[in-house]
Amino acid sequence: MPRSKFPRRAEQPTTTGLGKQFTSPIKRQDKCKTTTYVQFFGQKQEISRLKAKLEALKKQAEGIIDSPPSLAPLDDKVTMSEPVTSDAAVAFDEDLLPGPECVSTQDEERVSRRTVPNQATKDLYTNWTNLLARLVTPLLEYISKTIGKIPERITSLKAKCKADGSCMTRTNEVLCLFQDYFQKFSVEWCNCEELPHVLVANGLFPTAPLFPRFAISVHLLDFYRALFERSCDAVNAMASALNTFYARRGFVVTDNKGTPVQDAFRRGLGYAAQWYDNLQIRLEQQVDAAVLDADNRIQDSEMMNLSLPMPSHTTSAPLPSDPPTVTSSSTPPKRSQALSQIKLVPAECARILRQRCPCCFGGNLFGRSLEYE
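Asker: What should I look at first to understand the side chain of Thr207 in this one?
Answerer: As for its placement among the helices and strands, Thr207 is situated in the loop between strand S3 (204-206) and strand S4 (214-217). A relative accessible area of 9% means that Thr207 is categorised as buried. Within the local environment of Thr207, its side chain forms a polar contact with the backbone oxygen of Phe214, the two atoms lying 3.1 Å apart.

Asker: Help me out: how do you make sense of helix H2 (residues 43-62) in this one?
Answerer: Structurally, the α-helix is built with 3.6 residues per turn, so residues lying three or four positions apart point the same way. With 20 residues, H2 should reach 28 Å at 1.5 Å per residue; the first-to-last C-alpha distance of 29 Å fits that figure. Where H2 is concerned, the buried positions are Gln45, Arg49 and Ala56. The buried residues of H2 occupy an angular sector of 30° when the element is viewed end-on, so they sit on one face. Turned more than 90 degrees from where H2 packs its buried face, Lys44, Lys51, Ala61 and Glu62 sit exposed.

Asker: Looking at this structure, how should I read the packing of helix H6 (residues 218-231) against helix H8 (residues 266-305)?
Answerer: Axis angle and axis distance: for two packed helices, these are the angle between their axes and the distance between the axes, and together they describe the pair. Across the interface, H6 lies against H8 with an axial gap of 10 Å and an inter-helix angle of 85°. For the element pair H6 / H8, the angle class is roughly perpendicular. Contacts between H6 and H8 involve Val218, Leu221, Asp222, Tyr224 and Arg225 from the former and Leu269, Ala272, Ala273, Tyr276, Asp277, Gln280 and Glu284 from the latter. Looking at side-chain class alone, the contact of H6 with H8 contains 7 nonpolar, 1 polar and 4 charged residues.

Asker: How should the state of the cysteines be read in this particular structure?
Answerer: Here is the idea: a disulfide is a covalent bond, and it sits between the sulfur atoms of two cysteines. Under the criterion given, the structure shown has 0 disulfides. The thiol of Cys167 is not disulfide-bonded; the next cysteine sulfur, from Cys192, is found 3.3 Å away. For Cys167, a relative accessible area of 18% puts it in the buried group.

Asker: Is there a simple way to think about the layout of surface pockets in this case?
Answerer: Think of a ball as big as a water molecule: rolled over the atoms, this probe shows where empty space is left. Its boundaries defined by the atoms lining it, the largest pocket holds a volume of some 740 Å³. Taken together, 29 residues line the largest pocket, and the ones lying closest to its centre are Thr207, Arg213, Phe214, Ala264 and Gly268. Within the residue set of the lining of the largest pocket, elements represented by two or more residues are helix H4 (119-146), strand S1 (170-177), strand S2 (182-189) and H8. Per element, the largest residue contribution to the lining of the largest pocket is 6 residues, and it comes from H8. Its residues assigned to classes, the lining of the largest pocket shows 16 nonpolar, 6 polar and 7 charged.

Asker: Teacher, can you tell me more about the sheet that holds S4 here?
Answerer: In a beta sheet, neighbouring strands pair by backbone hydrogen bonds and run either parallel or antiparallel. Here 4 strands make up an open sheet; going across it, the order is S2-S1-S4-S3 and the pairing mixed. Here the strands that pair on one side only, and so sit at the sheet edges, are S2 and S3. With strand direction ignored, the average angle separating the axes of adjacent strands in the sheet is 40°. For S1 and S4, the ladder comprises 3 bridges, and the chain directions are parallel. By the bridge assignment for S4, Leu175 is matched with Phe214. Lying over the sheet, H6 contacts S1, S3 and S4, oriented at roughly 65° with respect to S4.

Asker: Looking at this model, I keep getting lost on the pattern of salt bridges. Mind explaining?
Answerer: For side chains bearing opposite charge, pairing can occur when the charged atoms are close. In the structure shown here, the tally under the stated rule is 7 salt bridges. In this structure, Asp277 and Arg225 form a salt bridge, with 3.3 Å as the shortest nitrogen-oxygen distance. Of this pair, Asp277 sits in helix H8 while Arg225 sits in helix H6, and the two are 52 residues apart along the sequence. Using a relative accessible area of 29% as the deciding quantity, one classes Asp277 as partly exposed. In this structure, the salt-bridge partner of Glu284 is Arg225, at a minimum N-O distance of 3.9 Å. With Glu284 in helix H8 and Arg225 in helix H6, the pair connects residues that are 59 residues apart, well separated along the chain. Exposure remark for Arg225: the relative accessible area of 22% places this residue in the partly exposed category. Members of the salt-bridge network, linked through shared partners, are Arg225, Asp277 and Glu284.

The rules behind each value
- Residues numbered from 1 in each chain as written.
- Predicted model: local features only at pLDDT ≥ 70, side-chain atom pairs only at ≥ 80, totals over all residues.
- Heavy atoms only, no water.
- Helix = DSSP H or I, 4+ residues; strand = E, 2+ residues; numbered from the N terminus.
- Buried < 20%, exposed > 50% of the residue type's maximum accessible area, 1.4 Å probe, protein only.
- Polar contact = N/O pair within 3.5 Å; in protein donor to acceptor, adjacent residues only side chain to side chain.
- Expected span 1.5 Å × (residues − 1).
- Arc of directions from axis to C-beta.
- Axes fitted to C-alpha atoms, helices over the stretch in contact; angles between N-to-C directions.
- Parallel < 35°, antiparallel > 145°, perpendicular 65-115°, else oblique.
- Contact = heavy atoms within 4.5 Å.
- Nonpolar A, V, L, I, M, F, W, Y, C, P; charged D, E, K, R; others polar.
- Disulfide = S-S within 2.5 Å.
- 1 Å grid on protein atoms, 1.4 Å probe; cavity = no way out; pocket = protein on both sides within 12 Å on 5 of 7 lines; lining within 4 Å.
- Points joined across faces, edges and corners; volume = space filled by probe spheres on them.
- Pairing = 2+ DSSP bridges.
- Salt bridge = Lys/Arg side-chain N within 4 Å of Asp/Glu carboxyl O.

All quantities given are derived from atomic positions and should not be read as evidence of function.
Written as structure tokens, this is what we have:
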């Protein structure tokens, strides 16, 4: 091994400051590359073609000729290996070149963005609205039957025909999603009980109003609804979590070729969650209507016991959103006239007040006793 030229560190040459600046050596350039004029492939032919076309359009606009002259077709036999000369021609697609024809075609094919629902969306909404009105009863029956009990595993889905089997039976394949597994069933239904009615009666909510291919357990939808109220979890996250959970348990959704489907539940779960929430709102409205009817019956009984005239239940306190009643003289009614239209039960506030604040108006004791003074 040869010895170093400077064996000791003190003998090595040094410079003060930032030291010597290193610069890259200048590389000699190839004259063939720097002095040769590059001609783009087919540039001259394209320019001459466009100029001829432009002149023809100018003459047509001035009224000199009726129609532009037909341009000579380009020779498409030129290959990339041939040298580009003045006599050579290049094949170009006329649709790719800028011109009035291309712009007008794009304008004609451009479709305006839709800002209102189309007819298909309106029909879908109508079908869902009509279906929810028929699903309230079977859902209430299923809830009353399974409340406080462990739900049984479903083995078959059949309609309970009310015509002693005289109806024509149909069968549809439906993939049903449960909390820890999914299973495909052949659902039998008839004219007495339609397909969504059979599904809801067995604790499954359809993802489409007509001939659904997916159905989701109402217990799973209730769990998602409670989770959404606490954490605002999105449907995409829930669908992805279900897909991962099913795959870990050995339940994988595949297509006809056997390829696993990555996102199989997102759209159906979104539809089911949306319209199941609407069905729950209808149930709450029915409960409120039942409570109101019971309250009216209690008031009637109290009025009969007190030997007072029966008030009409249709007359209620006007809501803040209700428009004021206009008289013939086009003057708003006085406050005393509006209050006289409200018929109240003794020792009880109006129902609208009790709904707004039960703590303040829900009791039957009013005022303050002198003992607390």
